[in-house]
Amino acid sequence: MATIQDVAKAAGVSAMTVSNVINDHPNVRKATREKVLEAMARLDYRVNVAARNLRKGRTGTIGLAVPEVNSPYYGRLAVAIIAAAERYSLRVCIEQTGASRENELDALSLSRNRLYDGLILSTVGMGPADVELLKVDYPVVILGERIFGGPVDHVAMPNVDASRAATRHLVERGCRRIAIVRGPVGEEVDVSSLRFTGYRQALRDAGLPVDPALVQSVETLTMRSGARRAREMVDGGLDFDGVFCVTDTVAMGVLRGLADAGVPVPERVKVIGFDNVEESEFLVPALSTIDPDHDVMAQRAVDLLARRIEQTEPGSDHEEFVSDFSVVIRESTGG
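All of these numbers come straight from a predicted model, not from anything done at the bench.

J.: Quick question: what am I supposed to make of the overall build of the protein chain here?
T.: Of the regular secondary structure elements, the protein chain holds 11 helices and 12 strands. The principal-axis extent of the C-alpha atoms belonging to the protein chain is close to 85 × 40 × 30 Å. Relative to its 335 residues, the protein chain shows a buried fraction of 49%. Across the protein chain, the fraction of contacts at a sequence separation of at least 24, relative to all contacts at a separation of at least 6, is 68%. Side-chain charges of the protein chain comprise 39 positive and 47 negative groups, with the mean position of each set lying 4 Å from the other.

Below, the structure is given as structure tokens:
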């Protein structure tokens, strides 16, 4: 296996010059850079990433802690983060927290022991009261809605505005009795409560009342829960002509429940979800949804983490990034 010294000898330069080329140092002349790169290619030289990381006190691995690895949304997000991390030659180790505060804290406290250079943590159980626990001695980026203003970078979705747009789309399609299927009601701000806020705003904008009977909560945001709740809504005689589901996963279940109950979509009831997971495009009918641009969110989270990893001194200019969104119109709302 060729060494830096071999490349230096072949290119007629010093080993330091070869190192500067490898690390993309700006003060290397173009002709010298090209000569070194040609020698590297001719000798089939490969950078020893492990040795380089060891010298820097790094492992080249970051952690990604998510509530569940088998959900369409988090699976899609993980793929995007892995792709973004590859641009920095970083590997990703994925952990499942089960949406538990205790497990999220474990992921946070044990990341250094697991030799991660940094952690991307999707918070569901942790909240604003846990801000002090985020003061750790390695880089952390928070994904989600639970902790704003903390001592770490934060990447979130435009939950209120996007949900408002989703509900407005149903209104524009002629719906006047729009139900929402959301997660359990709690005291703290979370995805469901933020998306419920957007839903209420859209109804108010349209001059429509918020009927408590149309606010349907499920214990878990799963397809099974969505299907069961849709059947219960129909069997209970609830009058509704549109459904906004706070996730695509729930919406998939709602579509199944309505089909089982003999309710045609979109002819009688129109349905829209949130997340634009890949499966939503291939349902029958294909699901209208909100696309929060997972790739941009993943790239920004990895960019922020990589920047922190490269910093020699802790920074205080922590960033709060909220992604853009678009309404994806498909068959379930008559698209």
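J.: Sorry, what's going on with the pattern of salt bridges here?
T.: Think of it this way: side chains of opposite charge can pair up when their charged atoms draw near. On inspection of all chains with the given rule, the structure shows 12 salt bridges. For Arg164, the salt bridge identified is with Asp205, shortest N-O distance 2.7 Å. Of the two residues, Arg164 is situated in helix H7 (residues 159–172) and Asp205 in helix H8 (residues 191–205); the sequence distance between them amounts to 41 residues. The class for Arg164 is partly exposed, based on a relative accessible area of 24%. Across the salt bridge formed by Asp211 and Arg177, the nearest N and O atoms sit 2.8 Å from each other. With Asp211 in the loop between H8 and strand E7 (215–217) and Arg177 in the loop between H7 and strand E6 (178–182), this residue pair connects regions lying 34 residues apart in the sequence.

J.: Any chance you could explain a nonpolar patch on the surface here in plain terms?
T.: A cluster of nonpolar side chains, namely Val69, Ile82 and Ile94, defines an oily patch on the protein surface of about 210 Å² accessible area. Residue classification places Val69 among the partly exposed positions, given a relative accessible area of 45%.

J.: What is the right way to look at the sheet that holds strand E8 (residues 242–245) in this model?
T.: Strand pairs in the sheet, formed through backbone hydrogen bonds, run parallel or antiparallel to each other. The parallel open sheet is built from 4 strands, whose spatial order is E7-E6-E8-E9. The open sheet terminates on both sides in strands that have one partner only, identified here as E7 and strand E9 (270–272). Shown here is a sheet whose adjacent strand axes are inclined to one another by a mean of 20 degrees, direction ignored. Strand direction decides the pairing type here: E8 and E9, joined by 3 bridges, are parallel. Each bridged residue has a counterpart across the sheet, and for Phe244 the counterpart in E9 is Ile272. Along the sheet, H8 contacts E6, E7 and E8; its crossing angle with E6, the most-contacted strand, is approximately 170 degrees.

J.: For this particular structure, what's the right way to read the packing of helix H2 (residues 15–22) against helix H3 (residues 30–42)?
T.: If you want to describe how two helices pack, look at the angle between their axes and the distance between the axes. Two elements in contact, H2 and H3, have axes whose closest approach is 10 Å; the angle formed by their N-to-C orientations is 90 degrees. Classified by the angle between their axes, H2 and H3 sit roughly perpendicular to one another. Where H2 abuts H3, its residues Thr17, Val18, Val21 and Ile22 lie against Thr32, Arg33, Val36, Leu37 and Met40.

J.: I tried to follow the side chain of Arg195 on my own but got confused; where do I start?
T.: Relative to the assigned elements, Arg195 resides in helix H8. If near-sequence neighbours (up to four positions away) are discounted, Arg195 is found in contact with Met157, Asn159, Ser163, Ile180, Phe244, Val246, Thr247, Phe274 and Asp275.

J.: Teacher, can you tell me more about the nonpolar core here?
T.: The nonpolar side chains of a soluble globular protein tend to be buried, and buried together. By size, the foremost hydrophobic cluster in this structure holds 63 residues, and its most contacted members are Ile120, Phe240, Phe244, Val254, Leu258 and Val271. Not counting residues up to four positions away in its chain, the partners in contact with Leu258 are Ala230, Val234, Phe240, Val263, Val265, Val269 and Val271.

J.: Can you help me understand the pairing of E6 in this one?
T.: Within a regular strand, side chains alternate between the sheet's two faces. Among the 5 residues in E6, 5 count as buried, and that is most of the element. Of the two faces of E6, the one holding Ile178, Ile180 and Arg182 and the one holding Ala179 and Val181 are both buried throughout. Alignment of E6 against E8, held across 4 bridges, turns out to be parallel. Looking across to E8, one finds that Val181 is bridged to Cys245. Where E6 meets E7, 3 bridges bridge the pair, whose relative direction is parallel.

J.: What should I look at first to understand the packing of aromatic side chains in this one?
T.: The geometry of two aromatic rings is summed up by the distance between their centres and the angle between their planes. Evaluation of the coordinates by the stated rule reveals 2 aromatic pairs. Ring centres 4.8 Å apart and planes at 70 degrees place the aromatic pair Tyr73 and Tyr74 in the edge-to-face group. On the basis of an interplanar angle of 25 degrees and a centroid distance of 5.9 Å, the ring pair of Phe196 and Tyr199 is categorised as stacked. One end of the pair, Phe196, and the other, Tyr199, are both in helix H8, 3 residues apart, so they sit about a helical turn from each other. Using a relative accessible area of 0% as the deciding quantity, one classes Tyr199 as buried. In this structure, Arg195 is placed above the aromatic ring of Phe274, and the distance from its NZ or CZ to the ring centre is 3.6 Å. Against the face of Phe321 rests Arg300, its NZ or CZ located 4.2 Å from the ring centre.

Definitions and cut-offs
- Residues numbered from 1 in each chain as written.
- Predicted model: local features only at pLDDT ≥ 70, side-chain atom pairs only at ≥ 80, totals over all residues.
- Heavy atoms only, no water.
- Helix = DSSP H or I, 4+ residues; strand = E, 2+ residues; numbered from the N terminus.
- Buried < 20%, exposed > 50% of the residue type's maximum accessible area, 1.4 Å probe, protein only.
- Contact = heavy atoms within 4.5 Å.
- Lys, Arg positive; Asp, Glu negative; His and termini not counted.
- Charge placed at Lys NZ, Arg CZ, Asp CG, Glu CD.
- Salt bridge = Lys/Arg side-chain N within 4 Å of Asp/Glu carboxyl O.
- Patch = residues over 30% accessible without salt bridge, like charges linked within 9 Å, V, L, I, M, F, W, Y side chains within 5 Å.
- Areas by Shrake-Rupley, 256 points an atom, 1.4 Å probe, with all protein chains shown as cover.
- Pairing = 2+ DSSP bridges.
- Axes fitted to C-alpha atoms, helices over the stretch in contact; angles between N-to-C directions.
- Parallel < 35°, antiparallel > 145°, perpendicular 65-115°, else oblique.
- Core = buried A, V, L, I, M, F, W, Y, C linked by side-chain atoms within 4.5 Å.
- Phe/Tyr/Trp six-rings, centres within 6.5 Å; stacked < 30°, edge-to-face > 60°.
- Lys NZ or Arg CZ within 6 Å of the ring centre and 35° of its normal.

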